[in-house]
2 protein chains.
Amino acid sequence: MSQSSGRVRVAVDAMGGDFAPGEIVKGAAAAARAGEAEVVLVGREDLVIEELQKQGVPLELMRLVNAADVIREGEPPAVAIRQKRQSSIVVGVKLIKSGEVDAFVSAGSSGAVAAAAATYLGMIPGMERPTIGGGFSSFAPNIVVMDLGANVDCKPHQLVSFAVAGTVYARTVYGIENPTVGVLSTGSEEGKGNDLVKEAFPLLKNSGLNFIGNVEGNDILTGKANVIVCDGFVGNVVLKFYESIGDRAKVWLMGKYPRVKGLVGYMFDRVLPIKKLSYEGEEEGSGILWGVDGVVRIAHGACKAEHIHHGINAARKAVKADIVGSLKREIALLKQQGKLQ
Amino acid sequence: MSQSSGRVRVAVDAMGGDFAPGEIVKGAAAAARAGEAEVVLVGREDLVIEELQKQGVPLELMRLVNAADVIREGEPPAVAIRQKRQSSIVVGVKLIKSGEVDAFVSAGSSGAVAAAAATYLGMIPGMERPTIGGGFSSFAPNIVVMDLGANVDCKPHQLVSFAVAGTVYARTVYGIENPTVGVLSTGSEEGKGNDLVKEAFPLLKNSGLNFIGNVEGNDILTGKANVIVCDGFVGNVVLKFYESIGDRAKVWLMGKYPRVKGLVGYMFDRVLPIKKLSYEGEEEGSGILWGVDGVVRIAHGACKAEHIHHGINAARKAVKADIVGSLKREIALLKQQGKLQ
């Protein structure tokens, strides 16, 4: 952490996301103004300065670091991060490595951010691949689901590393001393589920974590387990499905009660947490890339200024809570006990 | 179909489900009274007669077929159907085979029903394993998702057979002439997803079906594709998650607005389709076991009388729509065109 000011320093990828640089710069400026962190904007200097001037943001509010290149959504991550060393993603990640910042937030290509983080920061021993995990918020305040899409095809032992990361998450972010861990399955009894779950079950049982067995789809929001592990395919499908429910309910009700559709819309926007039905809308720290040796946060490509603002705040909290150190210690302990390969 | 009366004859497993035989008998009697089908109750005659008398249902309302044995939830299906040939499940399925009924409805062990149907009715050529598929109803009136839990580990070509069955479903149940088919994935672009999806993609593309590519979790309820195929693991998780959302929203809102929680509860029960957030609550024919050579419907273990009533009606509609014949013709056509292995 910055020794001079005591404040956490967060680099932000000005070029990443569907609404970059406009919304990113706006969100970064809001966070800088709120004084939550020292904000460092990373991107093409000419474009970033133009945007700052357009928005009337004083240049001295944030530090700028030039990155001449941009990695586009859809570029093969491994190739892109090798060929575009001057991209905002690679430059931003390297700022952590060099100690110039404490965290990096990007709404750019998730694959490229994960690859750059794994390559330039390295993995924490015991974590094989970067993992995206987070809370579902709203109806389920104290749960974390891992993985949410970074690893679509998983090996059984990877689910154990997700469980470890999730446990650290629930402890550091939610303050739960001994979080319960469940594996997402198609039935509550041991032996139910697909091959992955059946093979991961005994590993989780012997992990030393607070494993309570299988949980089902209808258990996700009930808090039956604080940490729910699954492969990134099902995690991603469930998360996106969850995010869509509020809007679908609104559309359905407005169609059913056309005479009061204004009221229905109002109720949904003000009373029911439609907008909150997204982990990105929350500032609790979801979207952190777990397993890499540094605090990196990945935001939705479609995120707006408020999400970037939240993201910077979430990154600050993650640095303060020392999530990376906690994960290292937890994994080292499990390895020492012979419970993790 | 019964030649004498012209009415569809539906056998009902009186012993299957958490609330058997009480709720099953009640639902069967309601369907029989409504005259929707000729209902045949299958189960332990002494218990069924006792229940009918308790409920004041005249014995002549339905035909009874004795089945001395019961397969319990959790028994290994393959073993159970071999050892318990006098069970209500085996006897009920065999009634279709012998031509005594046109369809069978059971809320008993899904695995045992599927195994008995595959064994005693046989599979339709081109369908490798029985498949459970159905609509999500409510917010998404014209979609069908397959598989919902019968096949948790799938091969790519199985997703094609799900797509064929789903296409027949959407045509016969929803009346959609040329249903669109999507494969559930983690991104919209070709090449996104896990190994299963990537391998199934070209097969679906060449299947001759109306394949539109990948759909994501947030597309499920929008009707972007009429037929959504996925392995039974993710299908089952998403379905159960969907079914739980309404109750979670209610709990959340009642906690947030304790002073008006009575109103909140009333609104959810009367205005928002919480109870309908379950394919089992609908009579559209969901829960049909596809791929076996006969009309078999599987109901939730926790189903009540109204669900059994719906199930009987759905089975009747499936017989009338000749879903089995349609599926046979569709598969034969695809095979003839060399599009299905």
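Residues numbered from 1 in each chain as written. Chains lettered and ligands numbered in written order. Predicted model: local features only at pLDDT ≥ 70, side-chain atom pairs only at ≥ 80, totals over all residues. Heavy atoms only, no water.

(A) Here's a closer look at the overall build of chain A. Looking only at helices and strands, chain A features eleven helices and eleven strands. With respect to the principal axes defined by its C-alpha atoms, chain A has extents near 65 × 60 × 35 Å. Burial statistics for chain A: of 341 residues in total, 60% are counted as buried. In chain A, of all internal contacts separated by at least 6 residues, the share reaching a separation of at least 24 is 71%. Total accessible area on chain A stands at roughly 13200 Å², and carbon and sulfur atoms take up 49% of it. Taken as two groups, the 38 positive and 37 negative side-chain charges of chain A have centres that lie 2 Å from each other. (Helix = DSSP H or I, 4+ residues; strand = E, 2+ residues; numbered from the N terminus. Buried < 20%, exposed > 50% of the residue type's maximum accessible area, 1.4 Å probe, protein only. Contact = heavy atoms within 4.5 Å. Areas by Shrake-Rupley, 256 points an atom, 1.4 Å probe, with all protein chains shown as cover. Lys, Arg positive; Asp, Glu negative; His and termini not counted. Charge placed at Lys NZ, Arg CZ, Asp CG, Glu CD.)

(B) Up close: helix 10 (residues 305-320) of chain A. Residue and element names in this part refer to chain A. Over its 16 residues, helix 10 extends 23 Å from the first C-alpha to the last, a length consistent with the 22 Å expected when each residue adds 1.5 Å. Listed in full, the buried residues belonging to helix 10 are Ala305, His307, Ile308, His310, Gly311, Ile312, Asn313, Ala314, Ala315, Ala318 and Val319. At the C-terminal side of helix 10, Asp322 shows a positive phi close to 50°. (Expected span 1.5 Å × (residues − 1).)

(C) Quick look at the pairing of strand 5 (residues 131-134) of chain B. All names here are of chain B. Residues Thr131 and Gly133 of strand 5 are buried on one face, and the alternating residues Ile132 and Gly134, pointing to the opposite face, are buried as well. Both strand 5 and strand 10 (residues 288-290) contribute to a ladder of three bridges, which runs antiparallel. In the strand pairing of strand 10, Gly133 is matched with Ile288. Pairing geometry for strand 5 and strand 6 (residues 144-146), over two bridges, is antiparallel. The residue of strand 6 that forms the bridge with Gly134 is Val145. (Pairing = 2+ DSSP bridges.)

(D) Focus on the side chain of Ser88 of chain B. Residues and elements named next belong to chain B. Mapped onto the elements, Ser88 comes out in helix 4 (residues 88-97). By relative accessible area, which is 2% here, Ser88 ends up buried. Reaching out from Ser88, the side chain makes a polar contact with the side chain of Asp13 at a distance of 2.7 Å. Residues within four places of Ser88 in sequence aside, it is in contact with Asp13, Met15, Val42, Gly43, Ala67, Asp69 and Phe104. (Polar contact = N/O pair within 3.5 Å; in protein donor to acceptor, adjacent residues only side chain to side chain.)

(E) Layout of the interface of chain A and chain B. Across the boundary between the two partners, chain A contributes 40 residues, which contact 40 residues of chain B. Both sides of the chain A and chain B interface together cover about 3700 Å² of buried area, and 72% of this is carbon and sulfur. Sorting the residues of chain A by area buried against chain B places Phe233, Phe241 and Trp252 of chain A first, and these three jointly supply 19% of that buried surface. Here chain A and chain B share two salt bridges between them. Our count for the chain A to chain B interface comes out at six residue pairs in polar contact (both at pLDDT 80 or more). At the level of elements, helix 7 (195-205) and helix 8 (232-256) of chain A are the ones that each hand at least two residues to the side of chain A that touches chain B. No other element matches the 16 residues that helix 8 of chain A contributes to the side of chain A that touches chain B. Of the residues that constitute the side of chain A that touches chain B, the class distribution is 21 nonpolar, twelve polar and seven charged. (Buried area = accessible area lost by both parts, 1.4 Å probe. Salt bridge = Lys/Arg side-chain N within 4 Å of Asp/Glu carboxyl O. Nonpolar A, V, L, I, M, F, W, Y, C, P; charged D, E, K, R; others polar.)

(F) View of the relation of the copies chain A and chain B. Of the transformation placing chain A onto chain B, the axial shift is 0.0 Å and the rotation is 180°, giving an RMSD of 0.1 Å. Taken together, these values place the two copies in the relation of a two-fold axis. When you check the interface residues of chain A against chain B, 100% turn up at the interface there too, and the contact is symmetric in its surfaces. (Least-squares fit on C-alpha atoms with pLDDT ≥ 70 in both.)

(G) Layout of the domain arrangement of chain A. What the domain assignment lists for chain A is domain 1 (1-124 + 291-321) and domain 2 (131-284). Here the C-alpha centroids of domain 1 of chain A and domain 2 of chain A sit 26 Å apart. (Domains from an automatic or database assignment.)

(H) Region of interest: the environment of Ala112 of chain B. Assignment of secondary structure puts Ala112 of chain B in helix 5 (residues 110-120). Sequence separation between Ala112 of chain B and Asp153 of chain B is 41 residues, and the spatial gap between their C-alpha atoms is 18 Å.

(I) Representation of the packing of helix 6 (residues 156-174) of chain A against helix 7 of chain A within the structure. Residue and element names in this part refer to chain A. Contact pair helix 6 / helix 7: the axes reach a minimum separation of 8 Å and the direction vectors enclose 55°. Here helix 7 runs oblique to helix 6, going by the angle between their axes. Crossing of helix 6 over helix 7 shows right-handed handedness. Facing Pro156, His157, Leu159, Val160 and Ala163 of helix 6, the residues of helix 7 in contact are Leu196, Glu199, Ala200, Leu203 and Leu204. When its residues are assigned to classes, the contact of helix 6 with helix 7 shows eight nonpolar, one polar and one charged. (Axes fitted to C-alpha atoms, helices over the stretch in contact; angles between N-to-C directions. Parallel < 35°, antiparallel > 145°, perpendicular 65-115°, else oblique. Left-handed = near helix turned anticlockwise from the far one by under 90°.)

(J) Quick peek at empty space enclosed by the protein. The tally for this structure, following the rule as stated, stands at two cavities of 30 Å³ or more. Of the voids in this model, the second largest cavity is the one considered here, and its volume is about 30 Å³. What lines the second largest cavity is Phe233 of chain A together with Leu159, Val183, Leu184, Leu196, Val197, Val229, Cys230 and Asp231 of chain B. Contributions of two or more residues to the lining of the second largest cavity are made by strand 7 (180-184) and helix 7 (195-205) of chain B. Broken down by class, the residue content of the lining of the second largest cavity amounts to eight nonpolar, no polar and one charged. (1 Å grid on protein atoms, 1.4 Å probe; cavity = no way out; pocket = protein on both sides within 12 Å on 5 of 7 lines; lining within 4 Å. Points joined across faces, edges and corners; volume = space filled by probe spheres on them.)

(K) Just the packing of helix 8 of chain A against helix 9 (residues 261-270) of chain A, in detail. Residue and element names in this part refer to chain A. Their axes nearest at 9 Å, the elements helix 8 and helix 9 cross at an angle of 160°. Comparing the axis directions of helix 8 and helix 9 gives the class roughly antiparallel. Helix 9 is crossed by helix 8, and the crossing has right-handed handedness. Facing helix 8, whose interface residues are Gly246, Ala249, Lys250, Leu253 and Met254, helix 9 presents Lys261, Val264, Gly265, Phe268 and Asp269. Looking at side-chain class alone, the contact of helix 8 with helix 9 contains five nonpolar, two polar and three charged residues.

(L) Representation of the packing of aromatic side chains within the structure. In this structure the tally under the stated criterion is 13 aromatic pairs over all chains. Ring geometry for Phe201 of chain A and Phe211 of chain A: centres 5.1 Å apart, planes at 75°, overall edge-to-face. Of this pair, Phe201 of chain A sits in helix 7 while Phe211 of chain A sits in strand 8 (residues 210-215), and the two are ten residues apart along the sequence. For Phe201 of chain A, a relative accessible area of 8% corresponds to the buried category. For Phe211 of chain A, a relative accessible area of 15% puts it in the buried group. Their ring planes at 50° and their centres at 5.6 Å tell us that Tyr169 of chain B and Trp290 of chain B sit as a pair that is tilted. Of this pair, Tyr169 of chain B sits in helix 6 (residues 156-174) while Trp290 of chain B sits in strand 10, and the two are 121 residues apart along the sequence. With respect to class, Tyr169 of chain B is no different from Trp290 of chain B; both count as buried. Here the aromatic residues Phe136, Phe241 and Tyr242 of chain A together with Phe136, Phe241 and Tyr242 of chain B are joined through ring pairs into a cluster of three or more. (Phe/Tyr/Trp six-rings, centres within 6.5 Å; stacked < 30°, edge-to-face > 60°.)

(M) Focus on the confidence of the model for chain A. Chain-level statistics for chain A give a pLDDT mean of 89 and a share of 93% at 70 or above. Contacts from residues 278-286 of chain A, a stretch scored under 50 in pLDDT, to residues over four places away or in other chains number 39 contacts. (pLDDT = per-residue confidence, 0-100.)

(N) The pairing of strand 1 (residues 9-13) of chain A, seen in detail. Residue and element names in this part refer to chain A. Of all the five residues making up strand 1, five are buried; the element is thus mostly covered by neighbouring parts of the structure. Burial along strand 1 is two-sided: the face carrying Arg9, Ala11 and Asp13 and the face carrying Val10 and Val12 are both buried. Inspection of the sheet shows strand 1 paired to strand 2 (residues 38-43) by five bridges, in the parallel sense. From the neighbouring strand, Val12 faces strand 2, where its bridge partner is Leu41.

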